[in-house]
Structure formats: structure tokens, C-alpha cells
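Secondary and tertiary structure notes
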Amino acid sequence: MAQWQEVSEKSKLHPKPVGLVLQYGTAGFRTNADHLDHVMFRMGLLATLRSINTKAIIGVMVTASHNPEEDNGVKLIDPMGEMLTPAWEVYATQLANAEQDHLITVLKDLVQKESIDLTNQEAEVFVGRDTRSSSARLSDAVLDGVTALDGRSKDYGLVTTPQLHYMVCCCNTRGGYGKASVEGYYSKLSQAFIQLTKSAPNRTDDQKCLLVDGANGIGALKLREMEPYLQGALKVSLFCDGTGGKLNHQCGADFVKVQQNSPKGIVMKAGERCCSFDGDADRIVYYYSDDHGRFHLLDGDKIATLISTFLKELLTKAGLDLKIAVVQTAYANGSSTRYLEDTMKSLSHFVIVRCAKTGVKHLHHVAQEFDIGVYFEANGHGTVLFSKAAEEKIQQLCDDSEGERQGAATLLKNSVDLINQTVGDAISDMLLIEAILAIKGMTVQQWDAIYTDLPNRQLKVKVSDRRVIDTKDAERKTVSPAGLQEAIDRLVERHQDGRSFVRPSGTEDVVRVYSEAATQESADALGHEVSLAVYRLAGGVGGEPKPL
Ligand SMILES: CC(=O)N[C@H]1[C@@H](OP(=O)(O)O)O[C@H](CO)[C@@H](O)[C@@H]1O
Ligand SMILES: [Mg+2]
């Protein structure tokens, strides 16, 4: 059993800056890398306790995703590869913020509350990291934390966030989900992709080509490693591969989505299919430039539409009666929701549509309620979940049917294998999208034309305390401060197809404002008007928001 005195001594080697307070945000802790050594050590402790508590392997990923290179962060992974359960986020925050002389009290409290038996209990933690210059020393701090509580650890070194989620799930299912190695990951996904694209025999070399922006991060490294496994079934031209530019700087999925523009320096031919990963390769967005040089973004909403249509068509062909749902957030473009709810229904492709709070953990949870749950945030983070029963029915049909039904079931089965169900995965999502486009013989323009996005705008407002804003209805309405929702309602009414909502960010000290309307001018004006209302009613600081 670990000696508390010893843990306390070891913790002194990872000193906490006195007074520093951090929150476990939408996706773990994230801040300047210089302030995180103690957090990493303590997350090593927490992961070890969680491992004892769940009798399973827990993952710790050192990354700050799409943040600048100077930042870093940590994400914890639960037994089935999903994100850490919210109940333990509270402990994570308490541990990260405890001053040195209070740390053991907080640990003992946790052990007592969760009835963790520290005697003769095995614990194992998997650790991975992204390519940031600070990540190696920070992941060493995590490993120190695990050792301090006598846990075992396995250091996977440089991996994408979804690869580490996959490893955790593989091991905890005793190989049921796959082989827990990067080679196992590459083989599983590549095989499924090759099988799927065999159903598109007329694919031209042109259709096999894809331009990939690796955000100068881990995704670029890993995609390059994976290429031989794909055996030419996909021809990737990789740029922002980390050899020259800076991580996430003027490139990557977040840059492309927020700027609604291509990464700096990339040369795109008209109509050429391009995609961008984010800094830890758990997000992806697609885009292309048309004959007039106009930029077209295909975000998480367009991806969810493509995937759910594909799956729904296969279910119909296979004669499988499985409930399929698409889970979005309030940031989903209104056109996508209308398309999913109305147009697909009229095409006899009925899917259930749900709205969850921002943050993948919320979407994942809702998606688990259905036979098949497709979930995507508008920014390109998402995946598909299949229930055990759904997977079994698909497998059974592969074995027992013939002809068109068996063909459809086999495509479904290969899709299940290609999808990383633990978490959004840029590489897995990319391969699935490429396979769907190939099988449907669809160009990126045709995909884009499924529906037209409503013009929209995302803005940020600084307030003295963003917690004064409370929301309901999956963040689509505010309940406080008083009068804000009424003000937003009045402003929205003045714009054709207007919609707007505000919520406190979980990763930055700002209030986010979203607006959409029939024209860009209108969306921008509405965004500005709502920003002003937030500024006036929710304690804005600094100068008043200016019109765009
Ligand atoms: C509008 C938006 O894109 N919000 C992002 C952002 O959360 P905020 O709570 O909005 O800061 O970071 C999250 C973690 O990466 C991501 O899940 C989420 O979608
Ligand atoms: Mg990310």
C-alpha cells in the first residue's frame, strides 16, 4: 500500500504554483505548459485511483489539442475508451487546486468517498502525448504520479488522442475491440477501409487523392506511419506535416472552421478535396475551393449528414430495423437540422435528431441511447456508436443472408470496424468519409450541395464572471441573468431565419455568442446586437463590442 507520507514527498518535486486555480473544462485541464507540472503528477495519482476503483486500465493523454504550441493540457480516459465520467472531474479539479499541505487530505477524502481499497489492488495507467515541446516532460510527471501510488504504467509515447482511447478500450475488452498497439490500430482501420472501397471498383486515381493538413502535429506523423497499411487505396498529399511550420499556427481544423478559410500557404486546385486535422487529431473538417476561388467548408454537420444518410440507406437495403439518431449541439447549422429532420424524412430516410450540450462527453452520452448514434460537433469532433445488439444483428445478417441484403450488411460491418467508437478520430473519420464518397460515387461538390449552410457568426464577449450566465434546453436558452433571453428573443425576431444563443465557454474565459440568419450581413448584425445585450446585462468588461 502506498504511504501517504511518500506521496506527499514526491509531490514536492512537482510543486504547485501557490494560488493557481484551474478548472477541469470541456475537455480536461488546459493552460500555459509552464503551469501544469503539478497537475500532471496529480492526474497520474487520480488515474491510478480511478484504475483501482474501476478495476480497469485508465488513460492519460497529454495534449492541448488545437491550442497554441505554448499551451498544454491533459485528458483522462475511462475504461471503455470514453472520456472521464463527470463525477470524477470534480475530484480532478479538487486535486489540481489543492495546496501542497492539503493534498493528502483531498486524496484521503476521495479514497473514502469512493470506498477505494488500496490494499493489494492492481492499477494500470496508459500514457500518451502529442508533439508539443513540453509534452515529454509533462508525461514524465504523469508517470511519476502513477509510480507514487504503486501503479503500473505503459508509456505509448507519441500517439493521437483517439489512438490512446483505442488502446485503453482494446486492453479492457481483452482484445475484443482490437490489438492494443499502433500497428493493431493501423491494420484494423486499413483493412476495413480497403474492404469498403472494394465496393467502388470504378474509383479513378483522381478520386483516390486527398490533400490533408496535419496541423503540424501528431496527426501528420501518424498518418504518414499509416500510409503503407493503406496499400494505395488512398493517396494522401500531406502538408503542414510538422517539418516546417508551427503547431496549429494558421492551419488545422480549428483555424479553418473559425476563419472559414483554408490554411495559410496551401495551394488548392478548383474542386480538389481537402481536409484538416486539429493538433491531437480528434477533429476533422473538409473543404474545397470552387471555380470562382470561393472557399466551401464541410464541417461536422455536413459530415454527420453524409454518414447518417449512408448508414440509413444501408439499413434499408439490409432490411434491418435499427433506430438511428444524429446528435448535434446548439452550434449545428440550422440548415443541417432542418435537412435531417424534414428532408431526410420526406426521402423515407427517417433519423431521430437530438440536441446535447457542448462537449463531446455530452453528445457521446446521448448517442449511447440508440441502436446507432451518429454524433458530431459543428467543429468536426464526432463519431458513430453502435449498440452491442446492433453489432450482433449486423454480424448475423452477414453470416445468414445473401444477395443485396448481405452486401449491405457487409458494408455495415466494415463501417463498424473502420469507425473508432471510443471518441472522435480524424484519421478514422477521414477514411470513413473517403469510403462513403467512393461508394456513392460522389464528388465533394455534390456532398456540399446536400443542403446550403445558413450564414453564421461566432463571437466572444468578455464579462467579469461568466458564471452569471446560466442556460437550459441544451444551452439554447438562458435562464439568467434576468432579461437576457427576452432581449435575445426580441433581436432574433428582427432577422429573417434568425437564431442566436449565448453560453459561457468551458475552455476560455469568455461568453460565446452564436448567430445565424438568411444573409451574412444579417447574421453579423444579429451577433453584434446579442453581444451588446450580453455586455450590458451580464457584466461586460473592456470596451463595448464593436460591429464587425
Ligand atoms: C463552440 C465550440 O467549438 N466549442 C468547443 C470548445 O468548447 P467551449 O466550451 O465552447 O470553449 O472546446 C471544446 C473542447 O475541445 C469543444 O468540445 C467545443 O465544441
Ligand atoms: Mg482535439
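Residues numbered from 1 in each chain as written. Chains lettered and ligands numbered in written order. Predicted model: local features only at pLDDT ≥ 70, side-chain atom pairs only at ≥ 80, totals over all residues. Heavy atoms only, no water.

The name that an unreviewed UniProt entry assigns to the chain is Phosphoacetylglucosamine mutase, with the source organism given as Gadus morhua. Per UniProt, the chain has the following entry under Function (unreviewed entry): "Catalyzes the conversion of GlcNAc-6-P into GlcNAc-1-P during the synthesis of uridine diphosphate/UDP-GlcNAc, a sugar nucleotide critical to multiple glycosylation pathways including protein N- and O-glycosylation." (UniProt positions renumbered as here; feature names shortened; annotations may be inferred.)

A word on the sheet that holds strand β19 (residues 511-516)
Spatially, β15-β19-β18 is the arrangement adopted by the three strands of the open sheet, whose pairing is antiparallel. The open sheet terminates on both sides in strands that have one partner only, identified here as β15 (456-461) and β18 (499-504). Along the sheet, successive strands turn relative to each other by an average axial angle of 15 degrees, direction set aside. Bridge count between β18 and β19: six bridges; the pairing is antiparallel. Along β19, the bridge assignment pairs Arg499 with Glu516. (Pairing = 2+ DSSP bridges. Helix = DSSP H or I, 4+ residues; strand = E, 2+ residues; numbered from the N terminus. Axes fitted to C-alpha atoms, helices over the stretch in contact; angles between N-to-C directions.)

Regarding the layout of surface pockets
Of the volumes computed, that of the second largest pocket is approximately 650 Å³. What lines the second largest pocket is a set of 25 residues, and nearest its centre among them are Tyr177, Phe386, Lys388, Glu391 and Gln421. If you list the elements that add at least two residues to the lining of the second largest pocket, you get α13 (360-367), β14 (382-386), α14 (388-400) and α15 (403-418). Broken down by element, the residue count for the lining of the second largest pocket peaks at four residues, all from α14. When its residues are assigned to classes, the lining of the second largest pocket shows nine nonpolar, nine polar and seven charged. (1 Å grid on protein atoms, 1.4 Å probe; cavity = no way out; pocket = protein on both sides within 12 Å on 5 of 7 lines; lining within 4 Å. Points joined across faces, edges and corners; volume = space filled by probe spheres on them. Nonpolar A, V, L, I, M, F, W, Y, C, P; charged D, E, K, R; others polar.)

Considerations on the environment of Arg273
Along the polypeptide, Arg273 turns up in the loop between α10 (252-259) and β8 (274-277). On the basis of relative accessible area, Arg273 is assigned to the buried category, the value being 12%. What Arg273 contacts, discounting residues up to four positions off in sequence, is Gln207, Cys209, Leu210, Leu211, Tyr286, Tyr287, Glu434, Leu437 and Val444. For Arg273, the side chain forms a polar contact with the main-chain oxygen of Gln207, separated by 2.8 Å. At 2.5 Å, the side chain of Arg273 and the side chain of Glu434 are in polar contact. (Buried < 20%, exposed > 50% of the residue type's maximum accessible area, 1.4 Å probe, protein only. Contact = heavy atoms within 4.5 Å. Polar contact = N/O pair within 3.5 Å; in protein donor to acceptor, adjacent residues only side chain to side chain.)

Things to note about the UniProt feature "domain: Alpha-D-phosphohexomutase C-terminal" (unreviewed entry) in the chain
UniProt feature "domain: Alpha-D-phosphohexomutase C-terminal" (unreviewed entry): in the numbering of this structure it lies at residues 479-530. Counting secondary structure, residues 479-530 comes out at 40% helix and 27% strand; the distance between its end C-alpha atoms is 15 Å.

Description of the UniProt feature "domain: Phosphoacetylglucosamine mutase AMG1" (unreviewed entry) in the chain
This chain's UniProt record puts "domain: Phosphoacetylglucosamine mutase AMG1" (unreviewed entry) on residues 183-285 and 299-441. Taken end to end, residues 183-285 is 35% helix and 16% strand, and its first and last C-alpha atoms sit 25 Å apart. Along residues 299-441 the backbone is 59% helical and 15% strand, and the end-to-end C-alpha distance reaches 20 Å.

Looking at the nonpolar core
Phe277, Leu311, Met430, Leu431 and Trp447 are the most contacted members of the largest nonpolar core, which totals 85 residues. Those residues in contact with Met430, other than ones at most four positions away along the chain, are Leu210, Val212, Leu223, Leu234, Cys275, Phe277, Ile284 and Tyr286. Residues Ala33, Leu46, Leu76 and Ala96 belong to the second largest nonpolar core, which totals 46 residues. (Core = buried A, V, L, I, M, F, W, Y, C linked by side-chain atoms within 4.5 Å.)

Quick word on helix α7 (residues 182-197)
With 16 residues, α7 ought to run about 22 Å at 1.5 Å a step, and its terminal C-alpha atoms sit 22 Å apart, in line with that. Along α7, the residues that are buried comprise Val182, Gly184, Tyr185, Tyr186, Leu189, Ser190, Ala192, Phe193, Ile194, Leu196 and Thr197. In this fold, the buried residues of α7 make contact with α6 (161-172), α9 (218-226), α15 and α16 (426-440). (Expected span 1.5 Å × (residues − 1).)

Side note on the confidence of the model for the chain
A residue-level look at the chain finds 100% of positions with pLDDT of 70 or above and a mean pLDDT of 95. Model confidence for the complex: the whole-complex pTM is 0.96, and ipTM, which rates the interface, is 0.98. (pLDDT = per-residue confidence, 0-100.)

Some words on the pattern of salt bridges
The full count for this structure, using the stated rule, is 31 salt bridges. For Glu529, the salt bridge is made with Arg494, and the minimal N-O distance between the two is 3.9 Å. Of this pair, Glu529 sits in helix α19 (residues 520-537) while Arg494 sits in the loop between α18 (484-493) and β18, and the two are 35 residues apart along the sequence. Three or more residues are tied together by salt bridges with common partners; here these are Lys75, Asp280 and Asp282. (Salt bridge = Lys/Arg side-chain N within 4 Å of Asp/Glu carboxyl O.)

Focus on unusual backbone geometry
Omega for the bond connecting Ser480 with Pro481 falls within 30 degrees of zero, at 0 degrees, which places this linkage in the cis form. In this structure, Pro481 sits in the loop between β17 (477-480) and α18. Of note in the backbone geometry, Asn248 takes a positive phi value of approximately 60 degrees without being a glycine. The residue Asn248 is located in the loop between β7 (235-239) and α10 in this model.

Things to note about empty space enclosed by the protein
Rolled over the atoms, a probe sized like a water molecule indicates the empty space that remains. One pass over the structure, following the stated rule, counts one cavity of 30 Å³ or more. There is about 60 Å³ of room inside the largest cavity. What lines the largest cavity is simply Tyr24, Thr26, Ala27, Gly28, Lys75, Leu76, Met83, Leu84, Glu89 and Lys361. In terms of residue class, the lining of the largest cavity is made up of five nonpolar, two polar and three charged.

Some points on the site of ligand 1
Taken together, 13 residues sit near ligand 1, with Glu377, Ser505, Gly506, Thr507 and Arg512 positioned nearest. The contact in question runs from an oxygen atom of ligand 1 to an N or O atom on the side chain of Glu377, over 2.7 Å. Here Arg503 contributes a side-chain N or O atom positioned 2.8 Å from an oxygen atom of ligand 1. Within the complex, the protein chains bury 91% of what would otherwise be the 440 Å² of accessible surface of ligand 1. (Near = heavy atom within 4 Å. Areas by Shrake-Rupley, 256 points an atom, 1.4 Å probe, with all protein chains shown as cover.)

Brief notes about the sheet that holds strand β2 (residues 58-62)
Whether parallel or antiparallel, the strands of a sheet pair through hydrogen bonds between backbone atoms. Strand order across the open sheet formed by five strands is β1-β3-β2-β4-β5, with mixed pairing between neighbours. Because the sheet does not close on itself, it has two edges, and the strands there are β1 (29-32) and β5 (152-158). Neighbouring strand axes in the sheet, compared pairwise and without regard to direction, differ in orientation by 15 degrees on average. Sheet topology note: the β2/strand β3 (residues 71-77) ladder contains four bridges and is antiparallel. Bridge pairing in β3 places Met61 opposite Lys75.

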